[in-house]
Amino acid sequence: MKYIEGGVCAAQGFTASGIHCGIRKNRDKRDLALIVSQKRAAAAAVYTQNLVKGAPLLVTKENLADGYASAIICNSGNANTCNANGVEIAREMCALTAARLGVSAADIIVASTGVIGQHLDISPIAAGMDALAAGLSRNVVPAAEAILTTDTKMKSVAVEFDLGGKTSRLGGIAKGSGMIHPNMATMLVFLTTDAAISPAMLQKALSSDVKTSFNRVSVDGDTSTNDMCCILANGMAGNAEIAAEGADYEAFCAALNAVTTALCRQIARDGEGATKLIECSLTGAKTQAAADSVSKAVICSSLVKAAMFGADANWGRVLCAIGYSGADVDVHKVDVAFRSAAGRVAVCKNGAGVPFSEAEAKKVLLEEEVTIEVDLNDGDCASLAWGCDLTYDYVKINGDYRT
């Protein structure tokens, strides 16, 4: 398996487009994206666990009931959530897309992101459909940019891998900068692959994967109303369809996880106001549940995040987070260290502090990517979780987000 360029356009038979249609006031910001499969594709999705769900999620869930889709339409600048006519607008977006592409409206995945509780006018979307369709190409950038809101950079990744003797590709794009928390936390992720895999196995692979990828990301502790991750698989790689577990299914899952994990890191690194990516590398847990609980608690802690912003090796905050994680942990066995490109410094052994150089620790924590190593020394289970630091800019961004 190797990483390649192209994102959702890397796999055979997929094209994408992105334009400014007028939903957003800033004409320099694209606000409408389209991803199209040349062939009707197997499809799967996972959704936010927030009880308040955006209308596009409800419509997408209906459309994916048969396990197939042909295209994805997504707007930014307006979440189409908590609107009386939200479902009607989402269905109209599907109908407009389907009519332009010559496919069924039931084969469209629809997504929206942006401000909650504001009416979404269908007019600019309808007016922009011709230009959107005309712009379809193998260039992923316009679509990747069109789904962004407070993000500062596009998020895209793809891999190439062998599947039953055939070369297959899997790629994705994502948006996510705020309202990111481990509870199906992505904001929006769109994945495409030319692998042949049944809808049931595709759903199984995606549902399993999010447990070790998007459910381990946190920026601010808020779970959005519009979080969704979906995948299209059009089978154009020519491999024998994956219809059961086995070597090909495992290879597919490995490729899927390589893409989703990379997107997790990009999302966390681009957290609102963030200056650095924080990874918690947790080892030595008695159970997988304990490992996940502890790693998430560490990267979710506001005090740990603030310490990382200040490059302060305040390891006591890490122990504090472990203590309230809810996991069965013997705190007298816990080891903690901080690691980055600048080196590694051990700060805690068997639940107690050890002598270390504050200057060296500062140097380690000033890097843009920092790993918090936690060893519970109590088992064989491990977990990775990703977050970011908490900065002054996070409050500035969210203080006037709507206005």
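So, here is what we can say about the structure in this document. Since the structure is predicted, the reported quantities are computational estimates derived from the model, not experimental observations.

### Some points on the overall build of the protein chain
For the protein chain, the count of helices and strands is 11 helices and 15 strands. Relative to the compact-globule value of 22 Å for 403 residues, the protein chain shows a C-alpha radius of gyration of 22 Å, a close match. Seen through its C-alpha atoms, the protein chain measures out along the principal axes to roughly 70 × 55 × 35 Å. A buried classification covers 57% of the 403 residues belonging to the protein chain. Accessible surface for the protein chain amounts to roughly 15600 Å². Of this, 51% is attributable to carbon and sulfur atoms. Placing the 36 positive and 43 negative side-chain charges of the protein chain at their respective mean positions leaves the two points 2 Å apart.

### A few points about the pattern of salt bridges
Throughout the structure, instances matching the rule amount to 22 salt bridges. Between Asp335 and Lys349 there is a salt bridge, with the nearest N and O atoms lying 3.2 Å from each other. Taken together, the residues Asp335 in strand β11 (residues 335-340) and Lys349 in strand β12 (residues 343-349) connect sequence positions 14 residues apart. The salt bridge partner of Arg339 is Glu373, with a shortest N-O separation of 2.4 Å. On the criterion of sequence distance, the pair formed by Arg339 in strand β11 and Glu373 in strand β14 (residues 369-375) is long-range, its members being 34 residues apart. Accessibility expressed as a relative area gives 18% for Glu373, which makes it buried. Beyond isolated ion pairs, a larger network of salt bridges with shared partners links Lys286, Asp328, Lys333 and Asp378.

### Observations concerning the packing of helix α2 (residues 86-101) against helix α3 (residues 123-134)
Two elements in contact, α2 and α3, have axes whose closest approach is 10 Å; the angle formed by their N-to-C orientations is 35°. The two elements α2 and α3 meet at a crossing, and its hand is right-handed. Across the interface between the two elements, Met93, Leu96, Thr97 and Arg100 from α2 touch Ile125, Ala126, Met129, Asp130 and Ala133 from α3.

### Looking at the packing of helix α7 (residues 288-300) against helix α9 (residues 316-323)
Where α7 contacts α9, the axes come no closer than 8 Å and their chain directions differ by 135°. One finds that α7 runs oblique with respect to α9. The crossing of α7 and α9 is right-handed. Only Val318, Ala321 and Ile322 of α9 make contact with α7, whose side of the interface consists of Val294, Ala297 and Val298. Partitioned by chemical class, the residues of the contact of α7 with α9 number six nonpolar, no polar and no charged.

### Describing the sheet that holds β12
Spatially, six strands are ordered β13-β12-β11-β14-β10-β15 in an open sheet, and the strand pairing comes out mixed. The sheet is open, and its two edges are formed by β13 (352-353) and β15 (381-388), each paired on a single side. In this sheet, β12 lies alongside β11 in antiparallel orientation, the contact comprising five bridges. Bridge pairing in β12 links Phe338 to Val345. Against the sheet, helix α6 (residues 247-269) makes contact with β10 (277-285), β14 and β15, and its axis sits at roughly 40° relative to β15, the strand it touches most.

### A few points about unusual backbone geometry
Unusually for a residue other than glycine, Cys82 sits at a positive phi of about 60°. Residue position: Cys82 is located in the loop between β4 (68-78) and α2. Of note, Ala311 is a non-glycine position whose phi angle comes to about 50°, a positive value. Tracing the backbone shows Ala311 in the loop between α8 (302-309) and α9. Overall, the relative accessible area of 4% leaves Ala311 in the buried class.

### Section: helix α1 (residues 55-63)
Turn by turn, an α-helix covers 3.6 residues, leaving residues three or four places apart pointing in a common direction. Buried residues of α1: Ala55, Pro56, Leu57, Val59, Thr60 and Asn63, and no others. Where the residues of α1 are buried, they touch β3 (32-47), β4, α2, β5 (108-115) and β9 (228-233).

### Comments concerning the packing of aromatic side chains
Taken as a whole, this structure holds one aromatic pair when the rule is applied. A ring pair is formed by Phe309 and Tyr392, whose centres lie 5.3 Å apart and whose planes are at 90°; its orientation type is edge-to-face. Of the two residues, Phe309 sits in helix α8 while Tyr392 sits in helix α11 (residues 392-399), which places them 83 residues apart along the sequence. Residue Phe309 is classed as partly exposed on the basis of its relative accessible area, which comes to 28%.

### Considerations on the pairing of strand β2 (residues 14-19)
A large share of β2 lies buried, amounting to five of its six residues. Relative to β3, β2 is paired through six bridges, and the arrangement is antiparallel. Bridging from a neighbouring strand, Thr15 pairs with Val36 of β3.

How each quantity is defined
Residues numbered from 1 in each chain as written. Predicted model: local features only at pLDDT ≥ 70, side-chain atom pairs only at ≥ 80, totals over all residues. Heavy atoms only, no water. Helix = DSSP H or I, 4+ residues; strand = E, 2+ residues; numbered from the N terminus. Rg over C-alpha atoms; globule rule 2.2 N^0.38 Å. Buried < 20%, exposed > 50% of the residue type's maximum accessible area, 1.4 Å probe, protein only. Areas by Shrake-Rupley, 256 points an atom, 1.4 Å probe, with all protein chains shown as cover. Lys, Arg positive; Asp, Glu negative; His and termini not counted. Charge placed at Lys NZ, Arg CZ, Asp CG, Glu CD. Salt bridge = Lys/Arg side-chain N within 4 Å of Asp/Glu carboxyl O. Axes fitted to C-alpha atoms, helices over the stretch in contact; angles between N-to-C directions. Left-handed = near helix turned anticlockwise from the far one by under 90°. Contact = heavy atoms within 4.5 Å. Parallel < 35°, antiparallel > 145°, perpendicular 65-115°, else oblique. Nonpolar A, V, L, I, M, F, W, Y, C, P; charged D, E, K, R; others polar. Pairing = 2+ DSSP bridges. Phe/Tyr/Trp six-rings, centres within 6.5 Å; stacked < 30°, edge-to-face > 60°.

No statement about biological role is implied by the geometric values presented.
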